[in-house]
Amino acid sequence: MTAQTTKGACNTCSTHTEQCEHHTNGNNVTDIEDYRTELSTLRARTKELEEQLSNLQTQSSKPLRSAQWLNRPDDLAMSALYADRYMNYGLTAEELLSGKPIIGIAQSGSDLAPCNQYHTTLAKRVREGIRTAGGIAIEFPTHPIQESSRRPTATLDRNLSYLGLVELLYAYPFDGVVLLTGCDKTTPAMLMAAATMNIPSICLNVGPMLNGYDKKSLIGSGTVVWKAREMHATGELDDTGVFDLVTKGTPSVGHCNTMGTASTMNALAEALGMALPGSAAIPAPYRERAQCAYKTGVQIVEMVHADRKPSDIMTREAFENAIIVNTAIGGSTNAPIHLCAVAKHIGVKLDLDDWDRIGHGLPLLLNMQPAGEWLGEEYYRAGGLQAIQAELLDQGRLHGDALTANGKTVKDNVAGKHSWDRRTIKEYDKPMMKDAGFLHISGNLFDSAIMKTSVISDEFRQAFLENPDDPNAFECKAVVFDGPEDYHKRIETADIDDRTILVMRGVGPLGYPGAAEVVNMTAPGRLLKAGLKYSLPCIGDGRQSGTSGSPSILNASPEAAANGNLAILRDGDVLRVDLTKRKVNMLILQHEIDERRAELMAKGGYKSVESHTPYQDFFRREVGPLSQGMVFERATRFQRVAQRFPIPRDNH
């Protein structure tokens, strides 16, 4: 028997029409066609409201820079010239002449830069955010930087990308820019350019890869390379096994899933306030990453109207916050180089003494490879950087009133956002390590170098640093390698035992050129097969991968190629390393040091490989030492360019 509805009842639910939500909220629709009509009406109204929202012009605190290209009442022909080619691919005159801000999307992703390649997808969401907020998006490519495949080193590209991006931001009608960061050097290159140009800018990280696995074991990208090399040296893996193990560490789109340089620099961009809070740690494939891309697009338009610039955000207090955060996350040894470079371009005084004074002695809170156990997915789910900052804020370690990209303070963004997962993010008073951070070291071997203390293993500490008669110090003979080629040639035959310090020279900014990540030196296979339980200490005038857990003294300046004393060190010389005094000294009498230096200079100085390209030659002539950020020294004279030179000269 078919149920009958009463008179005046809803056909959908049999409720009286005056009480039925289908009627009271649906304007008395009574059948499926009415619903379809109503839905079409609502969709049309939604589109109309979105267009009205997009057309709403928030009053900017100053005239838009792009108006000097596109709205020239003094010369309409020039405005037409500047606008017409952008109409070629579909932009309309109404858009270009609307007075809406022009927002650049600095695209670092491409097939040549696979760690950032996913940005070619994320940029679509950035565009949608910009459009929703009332801006016009123009995406453009930046010089690609790919750490893993670029030879001789991707560090050469940091300054090249910086130069190119500054020129693009200055020469074209951008009111603001979204910086699509990710792989190691892309982030500092873009921050350096944003600092120099000083228009509203915000970073969006591509995000780390998903976790890698080998059966039940976590495999961290980058970090697994050093493990595989040791296993190969001991015979545990053959050549095919090495390839298979290493590639298991890279299971998805995104950058390294360890706390290497990529994760570090994007965390520090967030700590500086140059990215949305909570954005750095989101894994690339997670839906939250694309949602963050949209929000970043919305935010940059607000920043343009508020005229919130890098110089407002990247203050001395912001850099101190970043140093403190770097200690807490066990950040990369490359962070001091890059952060000091950004500071130089924004005009904030920052040096390696600051890294030691401000950053050392704070706890390591993040249990993430290479200093810990876990990888990027655990870090993100545990609360990401905001959870780390919440612990530091509670202890008064952060400048909570520092301004960030969203217009709020650090305190506003992170207060109370503590982690629920204490295996991954530790409480401040129950850390992974009590005294972490970097030591700034000097002596008669070099004037400046750094050492990351959070990767000093218990086994290394017991072997080298726990002599009761000489605590936190050791003496041992050196074996010296002139570049990685010499290392690979002699590592199995050189006079190396379990108390040898391995030295790599000729691999700095001038010597390599570009300061390559080649100071990741593994002990000889015979020692590993004999059961050596720790990495041998290393010293180098180059860099080390941020994914490495080796207890190394890095970035030594002046480098051998600048005829620093590393150039006169010989196999068998005894070095004394005193971490308490922050000293590394050759135990050689001064008169012998003088004699060796005279001999070196009589031969024309330390011999480096010749430059192979025009840019390598240019790089060597302009670059400064690692201890000062490895910047092009003359480039730091150009600061706040958008304010000093507001508008470029006309091109016709």
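Residues numbered from 1 in each chain as written. Predicted model: local features only at pLDDT ≥ 70, side-chain atom pairs only at ≥ 80, totals over all residues. Heavy atoms only, no water.

Some thoughts on the packing of helix H14 (residues 316-329) against helix H15 (residues 335-346)
Threshold: Fitted lines through C-alpha atoms serve as axes, helices being fitted only where they are in contact, and the angles separating the N-to-C directions of these axes extend from 0 to 180 degrees. Only DSSP runs of H or I with at least four residues qualify as helices, and only runs of E with at least two residues qualify as strands; both kinds are numbered from the N terminus onward. Angle categories are assigned with fixed cut-offs, so that under 35 degrees is roughly parallel, over 145 is roughly antiparallel, 65 to 115 is roughly perpendicular, and the rest are oblique. Residue contacts follow a heavy-atom distance rule, with two residues in contact if any of their heavy atoms lie within 4.5 Å. Just so you know the grouping, Ala, Val, Leu, Ile, Met, Phe, Trp, Tyr, Cys and Pro go in nonpolar, Asp, Glu, Lys and Arg go in charged, and all remaining residues, Gly too, go in polar.
At their nearest, the axes of H14 and H15 sit 11 Å apart, and the two run at 175 degrees to each other. Here H14 is positioned roughly antiparallel relative to H15, judged by the angle of their axes. In this structure, H14 uses Phe-319, Ala-322, Ile-323 and Asn-326 to contact H15, whose residues at the interface are Ala-335, Leu-339, Val-342, Ala-343 and Ile-346. For the contact of H14 with H15, the per-class residue count stands at 8 nonpolar, 1 polar and no charged.

Thoughts on the nonpolar core
Considering soluble globular proteins, one finds that nonpolar side chains tend to be buried as a cluster. This is how it is decided: For the purposes of this section, nonpolar cores are sets of buried Ala, Val, Leu, Ile, Met, Phe, Trp, Tyr and Cys residues that join through side-chain atoms within 4.5 Å. Exposure classes here rest on a 1.4 Å probe applied to the protein chains alone. A residue is buried below 20% of its type maximum, exposed above 50%, and partly exposed in between.
With 118 residues, the main nonpolar core has Phe-319, Tyr-379 and Ile-388 as its most contacted residues. For Ile-388, the contacting residues outside a window of four places in its chain are Ala-328, Ile-329, Leu-365, Leu-366, Tyr-379 and Ile-425.

Focus on the sheet that holds strand E2 (residues 136-141)
Paired through their backbone hydrogen bonds, the strands of a sheet run either parallel or antiparallel. The cut-off we apply is this: By this definition, two strands are paired if DSSP reports at least two bridges between them.
In spatial order, the strands read E2-E1-E3-E4; together these 4 strands make up an open sheet with parallel pairing. Each edge of the sheet is formed by a strand with only one pairing partner; in this case those strands are E2 and strand E4 (201-205). Geometrically, the sheet is characterised by an average inter-axis angle of 25 degrees between neighbouring strands, direction not taken into account. Looking at chain direction, strand E3 (residues 176-181) and E4 are connected through 5 bridges and run parallel. Among the inter-strand pairings, Val-177 is bridged to a residue of E4, identified as Ser-201. Relative to the sheet, helix H12 (residues 287-306) contacts strand E1 (102-107), E3 and E4, its axis offset from that of E4 by approximately 175 degrees.

Points about the pattern of salt bridges
Defined as follows: By convention in these notes, a salt bridge is any Lys or Arg side-chain nitrogen within 4 Å of a carboxyl oxygen on Asp or Glu.
Applying the stated criterion to the full structure yields 38 salt bridges. The shortest N-O distance in the salt bridge between Asp-312 and Lys-309 comes to 3.5 Å. Judged by relative accessible area, which is 31%, Asp-312 ranks as partly exposed. You can call Lys-309 buried: its relative accessible area is 13%.

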